[in-house]
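Single-letter residue listing:
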Amino acid sequence: MVIGKPAPFVSAFVDAVDDAIREHHPRHTMSATQRAWLAFCVTAVLVTNSMCWARFERASLGSYALAALSWMFRHSKMPWDKLLVASVRVILRHHGLTSGTLVIDDTDNPRSKSAKALAYLYKLRDKESGGYLWGQSLVFLVLVTPKISIPVGVVFSQPAPEISAWYRTDKALKKQGVPPKQRPRKPAPNPQYPTKEQLALRLLETFKAQHPDVRIHSVMADALYGTATFVDGASALFRGVQVISHIRSNQNIRVGKRDQHVADYFATHPGTPYSIRIRGGDEVVAMVGSARLYVCSHKTKRFIVAITYEEEETYRSLIASDLSWRTLDIVQGHTLRWLVEVFIQDWKSYEGWSQLTKQPGDEGARQSVILSLLVDHSLFMHPDQQRQLKPALSRCKRGKNHLSSAECPQTLI
C-alpha cells in the first residue's frame, strides 16, 4: 500500500498530543516538521505493520527517505518522555474518562540470536517448550475503563548480569551434588537492574503523579506480583485501594494454630456455584470458595478466593488486600485482568514493534516502543471508533470495541 500523506485522523491526533504537551510543558512542544514526521511514522506503522525505515521509504515511494526518517528518530529533539503522557491525557479527555482499574502484566518478545545490537536482550524462559530463547521482556501498565482499555506505561525488564551468572553457577554445582553451604551465595540486588515487581510499583507511582485526577478503583496483577511488598505498596499508593493478585496453591496459610497449603484448605472447603458476568458480556457459572485467612509470607490476613470454571479441573487462588469487599465483587473485578492479555495480543499482532523493529541501543528500544503505543492510542481517535463505543459495549472485550490496524488499513490513505 502506498502512503501519499499521513492519515487525517492520525494528523489530528498528533496535533492534539502537541497541544497537550504545550498545556503542561510549553518548552517541549513539537515543531511542524516533527509533527509531520510523527504523523507519517504512525501511519506507516499501521500500513506496514513494522518499525522499519526501509519499509516506510518504499511505502511512500521515496517521498520520505530512509536516512531522513532515521535521523529524525535519533537526533531530532522530539519530547519522547512527554509524548506518551500527553497521548494518554488526550484519550482520557476525548472519551471523558475519569476512573478505571490499573492492570499490570509482563510479556516476552523473542528475537533472533544474531540480534546483538538491540537493547535489553537476555536469555528468556520459553513457557511453551520449557527451553530458553533470546529476547526482550517488557512490563505494561494498562488502564481498563468502562469504555476502552488503554496502555498508560511500559518499561523494559532485564536481570542483573551477576545474578544471571550466579544462577548458572549454582545450577551446575547443584547438579554435581555440591551442598548449599559450599556453593556461592546469591549476590545482593543491583539497584541498576530492578525486579519486575519494583518496575511495576514505579509504573504505578509514575501514573499517579502524571494523572492525579484519575480515580483508581483497584489494581490487578498476576501471580508474579502476589508478594506482600507489591500488594501493600500498590494499595498504599492509592490510599488503600483494593489490590487483587494470585497466590500459589502451595503457599502457607494459617488456620487456627495450624499452617497448611492454600490448595489443602480449599480441598476440604469446596466452593459454591456463582453466576459471573464476564466483562459485561455472557454469564458463566463458576465454583467459588472464599475465606479471610492469615497468609504466612505476607504476615497479615488476606481475602483469599478460590475459583474454578466449568472447563477447569483445579482451583486458581486469588488474594485481595481489602477485606471489606464481597466475594462476588472480587471475582467480577478479576475478570477485567484478562483485558491486558487482549491488549498485548493486539499490540504484538498489529502495531509494528513485535513484528519488525531494528532500532538498536537503549534509546532505540524505548523510543520505538513509545512510537508503537502512539499507534495504539491514535486508533481511539479513528471516526469508526466513535460509532463502536456505545453504552451497550461497556466493559466488553477490548477486541470488540478497539479498532485494530488490521481492520482499517484501507481507510488510512
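Read on for an overview of the structure. (Residues numbered from 1 in each chain as written. Predicted model: local features only at pLDDT ≥ 70, side-chain atom pairs only at ≥ 80, totals over all residues. Heavy atoms only, no water.)

The subject of this paragraph is the environment of L204. Among the structural elements, L204 can be located in helix α7 (residues 196-210). By relative accessible area, L204 is classed as buried at 0%. Residues L204 and V231 lie 27 residues apart in sequence; the distance between their C-alpha atoms is 12 Å. Beyond its immediate stretch of four places on either side in the chain, L204 contacts L102, I104, L141, V219, F230, A234, L237 and F238. (Helix = DSSP H or I, 4+ residues; strand = E, 2+ residues; numbered from the N terminus. Buried < 20%, exposed > 50% of the residue type's maximum accessible area, 1.4 Å probe, protein only. Contact = heavy atoms within 4.5 Å.)

Right, let's get into the packing of aromatic side chains. In total, this model carries 15 aromatic pairs according to the counting rule given. A ring pair is formed by F40 and F56, whose centres lie 6.3 Å apart and whose planes are at 90°; its orientation type is edge-to-face. Taken together, the positions of F40 in helix α2 (residues 32-48) and F56 in helix α3 (residues 53-59) put the pair 16 residues apart, joining distant regions of the chain. Since its relative accessible area comes to 0%, F40 is described here as buried. By relative accessible area, F56 is classed as buried at 0%. An angle of 5° between the planes, with centres 4.6 Å apart, marks the rings of Y120 and F156 as stacked. Here Y120, found in the loop between β1 (99-110) and β2 (122-125), pairs with F156, found in strand β4 (residues 149-157); they are 36 residues apart in sequence, far enough to count as distant. Ring-pair connections join several aromatic residues into one group, and the members of that group are W37, F40, W53, F56, Y64, F73 and W80. (Phe/Tyr/Trp six-rings, centres within 6.5 Å; stacked < 30°, edge-to-face > 60°.)

To continue, consider the side chain of D106. Here D106 is to be found in strand β1. Among the polar contacts listed, one links the side chain of D106 to the side chain of K196, at a separation of 3.2 Å. (Polar contact = N/O pair within 3.5 Å; in protein donor to acceptor, adjacent residues only side chain to side chain.)

It is worth spelling out the pairing of strand β12 (residues 316-320) at this point. Where burial is concerned, most of β12 is hidden: 4 out of the 5 residues are buried. Bridging between strand β6 (residues 242-246) and β12 involves 3 bridges; their strand directions are antiparallel. When the sheet's bridge partners are listed, I244 is paired in β12 with A320. Hairpin connection of strand β11 (residues 300-309) to β12: 6 residues between the antiparallel strands. (Pairing = 2+ DSSP bridges.)

Packing of helix α5 (residues 80-95) against helix α12 (residues 361-378) brings their axes to within 10 Å, and their N-to-C directions diverge by 15°. Comparing the axis directions of α5 and α12 gives the class roughly parallel. Considering the relative orientation of α5 and α12, their crossing is left-handed. Residues W80, D81, L83, L84, S87, V88 and I91 of α5 touch α12, and the partners they reach there are R366, Q367, I370, L371, L373, L374 and H377. Of the residues assigned to the contact of α5 with α12, the class counts are 9 nonpolar, 3 polar and 2 charged. (Axes fitted to C-alpha atoms, helices over the stretch in contact; angles between N-to-C directions. Parallel < 35°, antiparallel > 145°, perpendicular 65-115°, else oblique. Left-handed = near helix turned anticlockwise from the far one by under 90°. Nonpolar A, V, L, I, M, F, W, Y, C, P; charged D, E, K, R; others polar.)

Another aspect to go through is a positive patch on the surface. Taken together, K123, R125, R168, K171 and K175 make up a surface patch of like positive charges. Elements supplying a minimum of two residues to the positive patch: β2 and α6 (161-175). Tracing the backbone shows K171 in helix α6. (Patch = residues over 30% accessible without salt bridge, like charges linked within 9 Å, V, L, I, M, F, W, Y side chains within 5 Å. Areas by Shrake-Rupley, 256 points an atom, 1.4 Å probe, with all protein chains shown as cover. Salt bridge = Lys/Arg side-chain N within 4 Å of Asp/Glu carboxyl O. Lys, Arg positive; Asp, Glu negative; His and termini not counted. Charge placed at Lys NZ, Arg CZ, Asp CG, Glu CD.)

Here the focus is the pairing of strand β8 (residues 258-261). Where strand β7 (residues 252-255) lies against β8, 4 bridges are found, and the strand directions are antiparallel. Bridge pairing in β8 places R254 opposite D259.

The values reported here are purely geometric and, on their own, carry no functional implication.
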